[in-house]
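Coordinate analysis (summary)
Spelled out, the chains give:
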Amino acid sequence: MTLAAQLKLAAEQTLHKLFPEIDFPANIVTVNQTKPEFPGDYTIVLFPFLKLLRQKPDTLGILIGDHLVAHSSIVSSYQIVSGFLNLAVKDSVWFAFLQNQFNNPHFGEIPRQDNRVMVEYSSPNTNKPLHFGHLRNIFLGFATGEILKATGQQVVKANLVNDRGIHICKSMIAWKRYANGATPQSEGIKGDHLVGDYYVKFNDVYKHEVAEGVSKGMTQEEAEKNAPIMKEAQEMLRQWEAGDPETRTLWQTMNAWVYDGFKVSYCRLGVDFDKWYYESDTYLLGKKIVEEGLKKEVLFKKSDGSVWIDLTTDGLDEKLLLRGDGTSVYITQDLGTAKLKFDEFKLAQSIYVIADEQNYHMQVLKLILKKMNEPCADGIFHLSYGMVELPSGRMKSREGTVVDADDMMDEMVRLAKEQTEQAGKTEGFTTDELTKLYETIGMGALKFYLLRVDPKKKMIFDPKESIDLHGFTATFIQYAHARICSILRKENCPLMPDSSRFQSLTLSQNILPAEKKLFVSLEQYPSVLLTAAEEYNPSALCNYCFQLAQQFNSFYDEHSISKAENEEKKHLRLMLIIMTASVLRHAMQLCGIRMPEKM
RNA sequence: GGUCCGGUAGCUCAGUUGGAUAGAGCAUCAGCCUUCUAAGCUGAGGGUCAUUGGUUCGAAUCCAAUCCGGAUCACCA
C-alpha cells in the first residue's frame, strides 16, 4: 500500500475511534501531497468533517493529529494551517522504504494475473510507408502493452494488416503501368517506399485523367468514374477476388516488399508483435454473425436484400452490415475479427489503438456485438487518440504531404549527433558507441515527444521546427540518468548493487528537503504506474519521470553525493540515486525509451 | 443539424475522487562551471483557466446554457 493510502486508512480509523457514534460517509478523508510552502509531507483536509462533527478546524485538527502521532507508526508530527492538517512522516519510514526497495528491479510492478489482454496497434496499409501519424499509434500501442504487462496483465500485441482492397490495387496498377519492373533492389530503396511512390503516382495520373475527361466535356463525376486507371484498379480488385494467379503473384510480391520495409522500421522503432492478422484472411469473416443476427431478429433485411441494424434508439443511425449483393462491408469483417480474437486468445479485454476519427465506427462495432449478445462485446475498448497534424492541416499520403517515419527517425538521430558534437561530449566513446548513443538520444526524443501528451488530444507538429532536446524531453531524463551512472562508476558501485552493500547503514541525521523530494516521488511510482495502466496513458509516466529527473538535478546541484558531509549521508544518497536511476530506467523502458549510462 | 472530443501564460502542455496563492517546458530577461557531466541549476516577467449562470465551507475540476475549433454521421476502408 502506498503511504498516502496508509495515511488515509489511519485517518479513517482515527475518526471512527474518536467519534464512534458518527457514521462517516465513505471516502470522506482526502489525502493530498503537502504544498512545498508548508511543512509536512501529506495533508488531510479538515473541512468535510467540520459540519458533521460540529467542531472548529483547530480543535479537530489537534484531536486527529495527536491521535495519529500517538497511535500511528508513520506520523511523526503535525501542524494545522487554516483547515489543513499537515502530517510529517517519520524519517524512519522513508528510510525503511528505501532500504527495502532501492535495488528492486521490479519496484512498482504488480504480480502476473490470469486475465489476457490484446492490444492491437499499428495496423498499417500495405500501399505506403509509415508516416509520423502512425508513429503516435505505434508508440502508444507498444507503451500501453508494456505498461499493462508491468501491472500484471498477460498481453498479446497484435497487428492487423490491411493488405487488400482497392487502395492496394492502386499502387499495383501504377507499378504495372510505369515501373518497368523496378524492384527495391534495382532502385536501392526500401520496399514500402517504392510501393508508396506508385500509390502517389496513381493519384497523379488519376487526377490528370480526370482533368482530361472534364476537358472532353464530361462532368467531374463522370470523369472520376471513367478515368481509365481507376477502372483498371477496379478490374484488378475483381481479379484479385477471383483468385487470378497473375494478380495474386504481383500482390504477393509487392506486399512482400512492403513487409521487408516495415520490418526494418519496426525493428528500429523497437516494437514487436505477438500476433499478425491479415485482412486478406479475415475480410470474409463476420457473415456468420450477421446470419445469426438475422435469426435473433437483431438485424433486418431490406427488400433489396441488404442487411441492416437499427441503432436509432441508441441515438445513432441505421447501419448497413451486408450489401444487397451479399458482400460484406468494413464493419462486417470487424465484427468477425473481434470474435476471432476473443475466441483465439480467451481475452478478458481487447484494446484497439485507433485514431479518434473512428470513434463512431468503434462505438457502433461494440454496440452491435452487444446487441447480439456476443461475449466479446464488453471487453472491447477503443484507445482513441488524436491525430497528428501539420500546421497546414492533415497529412495526406495521396498528395505526398506526409512526414515520413523513416525520414523523421534519420532526422532525429542526425540532430542528436549534431548537438552532441556541438556540446563537445564525444570524448571517451568509440565510433560504435557514438552511433548507438545518437540512436538512443534521437529515438528517445522522438518517442517522448509523441508520448508525453495525453493520447486523446490532437497534436500539431511543425516539421520546420525540429524536436527539442532540452527541457521536457527524453534527453533531459537520459541526462539525469547518465549523471547518476557517472557518480556510481566513480564510486565503483554497480547500478543494482547487492543489498549487503548498505546493510550496516543506520539513520541518525534528519532527511534534508532536497532528499525528501526524491523519497516522496520514488514512493509514489507504483501508484503512477497503476494510473498509467488504468487510464491507458503513458504520458503519466513521461510527466512523472520528468519531475523525478528535475528533482534529481536540483538535488545534485544542492548536495554533493561523493563528497557528502559524512559517510552516512553519502551512503544514503547513493541509495537514493541508485533507486532514482532504476525507476527512471523502468518507467522509460515501458515507453520504449532507453537510458544511456554515459552521454 | 445529430453525436462525440477539445478550449489553461506569446507557443507546447501538466493539473488526481472538487482543496491552500493555478504549475512545467520553450521563447524573453538576469545570475551560476577550479568542486560528482552546464543536454544542468537558481531567479524574474508573463493568466478574465473560452463566456455566463448554478451547486458549496471551497470550482480549472461537477451541472446547465452559450461561443469557438475539430472529428464523425457512405452499399469507402
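Before reading on, note that the structure itself is shown above.
So, here's what we can say about the structure. Each chain has its residues counted from 1, following the order in which its sequence is written. Lettering for chains starts from A, numbering for ligands starts from 1, and both go in the order in which the items are written. With pLDDT at 70 or above as the cut-off, local features in this predicted model cover only qualifying residues; side-chain atom pairs require 80 or more to be listed or tallied, and sums for whole chains, interfaces and linings still use all residues. To get the side-chain values, all heavy atoms of the structure are used, and hydrogens and water are removed first.

In this section: the environment of Leu 237. Secondary structure is summarised from DSSP: a helix means a run of H or I of at least four residues, a strand means a run of E of at least two, and numbering begins at the N terminus for each. Inspection of the secondary structure assignment puts Leu 237 in helix H10 (residues 228-242). Accessibility here uses a 1.4 Å probe with only protein chains present; expressed as a share of the type maximum, an area under 20% marks a residue as buried, one over 50% as exposed, and anything in between as partly exposed. Residue classification places Leu 237 among the buried residues on the basis of a relative accessible area of 19%. Spatially, the C-alpha atoms of Leu 237 and Asn 226 are 16 Å apart, while their sequence positions differ by 11 residues. Whether two residues touch is decided by their heavy atoms; if any such pair falls within 4.5 Å, the residues are in contact. In this view, Leu 237 contacts Gly 165, Ile 166 and Cys 169; residues no more than four positions away in its chain are not counted.

Turning our attention to unusual backbone geometry. The phi dihedral of Ser 82 falls on the positive side, at around 35°, and the residue is not glycine. With a relative accessible area of 57%, Ser 82 lands in the exposed category. A positive phi is found at Lys 346, a non-glycine position, where the angle reads about 50°. One can find Lys 346 in the loop between helix H14 (330-345) and strand S11 (349-355).

If you roll a probe as big as a water molecule over the atoms, it shows you where there is empty space left. Detection works on a 1 Å grid of protein atoms alone, calling trapped sets that fit a 1.4 Å probe cavities and calling open sets with protein on both sides within 12 Å along at least five of seven lines pockets, with lining residues defined by an atom within 4 Å of a point. Grid points are joined across faces, edges and corners, and a volume is the space filled by probe spheres set on the points. Volume-wise, the second largest pocket comes out at about 370 Å³. Lining of the second largest pocket is provided by 17 residues; of these, Thr 34, Pro 36, Gly 40, Lys 516 and Lys 517 occupy positions nearest its centre. Secondary structure elements with two or more residues in the lining of the second largest pocket: helix H19 (513-534) and helix H20 (539-558). No other element matches H19, which puts 5 residues into the lining of the second largest pocket.

Moving on: the packing of aromatic side chains. Any two of the Phe, Tyr and Trp rings considered here, Trp counted by its six-membered ring, make a pair once their centres fall within 6.5 Å; the pair's planes then place it as stacked at under 30 degrees, edge-to-face at over 60, or tilted in between. Following the criterion strictly, the structure yields 24 aromatic pairs and no others. Ring plane angle 50° and centroid distance 6.2 Å describe the contact between Trp 94 and Phe 519, whose orientation is recorded as tilted. Here Phe 519 lies in helix H19 and Trp 94 lies in helix H4 (residues 91-101), a separation of 425 residues in the sequence. Comparing Trp 94 with Phe 519, the two get one shared label, buried.

To continue, consider the protein's contact with RNA strand B. Nearness of a residue to a molecule or strand requires only that one of the residue's heavy atoms be within 4 Å of it. For RNA strand B, the set of nearby residues contains 60 residues, the closest of which are Asp 304, Asp 317, Lys 425, Ser 486 and Tyr 556. By atom count, sugar and phosphate contribute 63% of the portion of RNA strand B lying within 4 Å of the protein. Each polar contact in these results corresponds to two N or O atoms within 3.5 Å; when the atoms are within protein, one needs to be able to donate a hydrogen and the other to accept it, and residues that are neighboring in sequence are counted only if both atoms are side-chain atoms. Ser 554 places a side-chain nitrogen or oxygen 2.9 Å from a phosphate oxygen of RNA strand B. Of all the secondary structure elements, the ones that give two or more residues to the surface near RNA strand B are strand S2 (42-45), helix H2 (47-53), strand S4 (84-89), helix H18 (474-490) and H20. Top contributing element to the surface near RNA strand B by residue count: H18, with 8 residues. Gly falls in the polar group here, along with every residue not listed as nonpolar (Ala, Val, Leu, Ile, Met, Phe, Trp, Tyr, Cys, Pro) or charged (Asp, Glu, Lys, Arg). The residue makeup of the surface near RNA strand B, split by class, is 21 nonpolar, 18 polar and 21 charged.

What follows deals with the side chain of Asp 41. Its place among the elements puts Asp 41 in the loop between strand S1 (31-33) and S2. Within the structure, the side chain of Asp 41 is placed 2.8 Å from the backbone nitrogen of Val 89, a separation counted as a polar contact. In this structure the side chain of Asp 41 is engaged in a polar contact, spanning 2.9 Å, whose partner is the side chain of Lys 516.

Strand-to-strand pairing in sheets goes through backbone hydrogen bonds, with the strands running parallel or antiparallel. Read from one edge of the open sheet, 4 strands run S1-S2-S4-S3, paired in antiparallel fashion. Single-partner strands in this sheet number two, and they are S1 and strand S3 (75-81). Strand-to-strand twist across the sheet, computed as the mean angle between neighbouring axes with direction ignored, equals 30°. Examined bridge by bridge, S1 and S2 share 3 bridges and lie antiparallel to one another. In the sheet register, Val 31 faces S2, and the bridge partner there is Ile 44. Every angle, taken between N-to-C directions, lies between 0 and 180 degrees, and every axis is a line fitted to C-alpha atoms, over only the stretch in contact when it is a helix. Against the sheet, helix H1 (residues 3-18) makes contact with S1, S2, S3 and S4, and its axis sits at roughly 35° relative to S2, the strand it touches most. Should DSSP find at least two bridges between two strands, the strands are taken to pair.

Remark: H19 packs on helix H21 (residues 567-590), axes separated minimally by 10 Å, with the N-to-C direction vectors making an angle of 30°. On the basis of the axis angle, H19 is roughly parallel to H21. Taken as a pair, H19 and H21 cross one another with a handedness that is left-handed. Contact with H19, carried on its side by Glu 515, Leu 518, Phe 519, Leu 522, Tyr 525 and Leu 529, involves Lys 569, Leu 572, Arg 573, Leu 576, Met 579, Thr 580, Val 583, His 586, Ala 587 and Leu 590 of H21 and no other residues of that element. For the contact of H19 with H21, a count of residues per class yields 11 nonpolar, 2 polar and 3 charged. To sort the angles, those under 35 degrees are grouped as roughly parallel, those over 145 as roughly antiparallel, those from 65 to 115 as roughly perpendicular, and the leftovers as oblique. Crossing chirality is assigned from the near helix's rotation relative to the far helix, an anticlockwise turn below a right angle marking it left-handed and a clockwise turn marking it right-handed.

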